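Notes for the structure review
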Amino acid sequence: MSPTKIHVTAEVNGEPVRCLLDSGCEQSVISADLVPSAKLNPLQYSLFAANKANLDVLGDTVIPFVTDGHAFKADVLVCSKVEDFLLGSDWLEHREPNGISPVEP
């Protein structure tokens, strides 16, 4: 049986974005192209994809986003070499079991 990927549509900066929910990823990540005006906190951090490729972390920030009419925030690493918005276990752990109620960390 192959793993199931769970994608949702999120709205970031007023634009629809494909978002992957990934409990196997420790950190939430977003493409720099999706948050071009975000103020980034510089990091000395390396992040690698499952295939061991370096993802070039540009910094971190907190982004607001909306999914299914509910507003949320996420601490994300901003990378130049990812295409999507990925919510990792760092974000998922702070959600209520029904997944709807926004709960701030």
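Computed from a predicted model, the values in this text were never measured in an experiment. (Residues numbered from 1 in each chain as written. Predicted model: local features only at pLDDT ≥ 70, side-chain atom pairs only at ≥ 80, totals over all residues. Heavy atoms only, no water.)

1. Focus: the overall build of the chain
Secondary structure assignment for the chain yields 1 helix and 6 strands. Reading the helices (α) and strands (β) of the chain from amino to carboxyl end gives β-β-β-β-β-β-α. Here the analysis covers contacts within the chain between residues at least 6 apart in sequence; of these, 51% occur between residues at least 24 apart. With the model as given, the accessible surface of the chain reaches about 6900 Å², and the carbon-plus-sulfur share is 51%. (Helix = DSSP H or I, 4+ residues; strand = E, 2+ residues; numbered from the N terminus. Contact = heavy atoms within 4.5 Å. Areas by Shrake-Rupley, 256 points an atom, 1.4 Å probe, with all protein chains shown as cover.)

2. Considerations on the side chain of serine 89
Structurally, serine 89 can be placed in helix H1 (residues 89–92). We classify serine 89 as buried; its relative accessible area is 15%. When near neighbours in sequence (up to four residues on either side) are disregarded, serine 89 contacts Asp22, Ser23, Cys25 and Glu26. (Buried < 20%, exposed > 50% of the residue type's maximum accessible area, 1.4 Å probe, protein only.)

Coordinates in, geometry out; function isn't part of it.
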